[in-house]
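Coordinate analysis (summary)
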Amino acid sequence: MSIDFKGRVAIVTGAGGGLGKQHALALAARGAKVLVNDLGGDVHGVGGSVSAAQAVVDEIRAAGGEAMANGASVTDFEAVQAMVQQAVDAWGRVDILVNNAGILRDKSFAKMALADFKLVMDVHVMGAVHCTKAVWPLMQAQNYGRVVMTTSSSGLYGNFGQANYGAAKMALAGLMQTLSIEGEKNNIRVNCLAPTAATRMTEGLMPEAVLKALEPSAVVPAMLVMASEEAPNRTIICAGAGSFEVAHITLTQGVHLGLGPDTAEHLAAALAQVTDRHGEMVPRSGSEQGALEVGKALAAHQG
């Protein structure tokens, strides 16, 4: 099965370099019209210029593709709305949104300024919210949409010195969980990509041989699948160095302990059973936790 995007319009944020650039190039190479968004700032979010986005557009056009540049900050909802309108004015629709824009402000939590925590949350979380909110009504009206959120192992599993980045990236997984449910009736599929890639954000953090194995292009196939017509829904695909995995947020079967003055002590004694992963499940929605708990309570009461 060949994946192609002829007739599709894509917006990729943070696409002036690194992983976003590779996303934009790959979508364009397979026929998509691509709006290349990039603020043009450094890895810390300082500065701004449309030149990085324009360079990617020039590369796409030189290869025979169709693209345009946009320098909006994803933290500015009005600018994001204008960006989406720019794509609609030129091409009539938006089919694919890849929320890739991001910055780093790494420090241990004890030393981290709250302003740096808030800025990372604003760019990653509210940036994705702004872009998704701007394209959502279009996707609903056309009964078609593919949204890719960029999460991270730092959010899914934690990473020293990245409390802000990890919190933001896990928030995107939570956003995806709900939007994938809400968008399903309009054929809007929402997924998360958890990349391991050598970009400006990882320079100096890993040996050269490792960085070479983690070239951004090795992550792109996962994005292409999530942006395609046959995309999954509500899936976290991890990708790096040519390998692909799926992360799940699971729920153990647990135990019913009832409610009494010493329930806390019983829970402490039963923690090994509560954390036992045998028979764990991947809930289809948050309500399944309550259904499991109420079911166990009713069974215990009837027993």
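Quick caveat: nothing in here was measured; it's all calculated off a predicted structure.

Let us now look at the side chain of Thr235. Positionally, Thr235 belongs in the loop between helix 8 (220-227) and strand 7 (236-240). Ignoring sequence-local partners within four residues, the contact set of Thr235 consists of Met176, Val190, Asn191, Cys192, Met226 and Val246.

In this section: the pairing of strand 7. Summarising burial for strand 7: five of the five residues are buried, a large majority. Both strand 6 (residues 188-196) and strand 7 contribute to a ladder of five bridges, which runs parallel. Opposite Pro195, over in strand 7, you have Ala239 as the bridge partner. In this sheet, strand 8 (residues 243-247) lies alongside strand 7 in antiparallel orientation, the contact comprising five bridges. Counterpart to Ala239 in the pairing with strand 8 is Phe244. Once strand 7 ends, the chain turns through two residues before running back antiparallel as strand 8, passing Ala241 with a positive phi of about 55°.

On the surface, a nonpolar cluster with roughly 230 Å² of combined accessible area is contributed by Leu257, Leu267 and Leu271. With respect to the helices, strands and loops of the structure, Leu267 is situated in helix 9 (residues 263-269).

Scoring rules and cut-offs
Residues numbered from 1 in each chain as written. Predicted model: local features only at pLDDT ≥ 70, side-chain atom pairs only at ≥ 80, totals over all residues. Heavy atoms only, no water. Helix = DSSP H or I, 4+ residues; strand = E, 2+ residues; numbered from the N terminus. Contact = heavy atoms within 4.5 Å. Buried < 20%, exposed > 50% of the residue type's maximum accessible area, 1.4 Å probe, protein only. Pairing = 2+ DSSP bridges. Patch = residues over 30% accessible without salt bridge, like charges linked within 9 Å, V, L, I, M, F, W, Y side chains within 5 Å. Areas by Shrake-Rupley, 256 points an atom, 1.4 Å probe, with all protein chains shown as cover. Salt bridge = Lys/Arg side-chain N within 4 Å of Asp/Glu carboxyl O.

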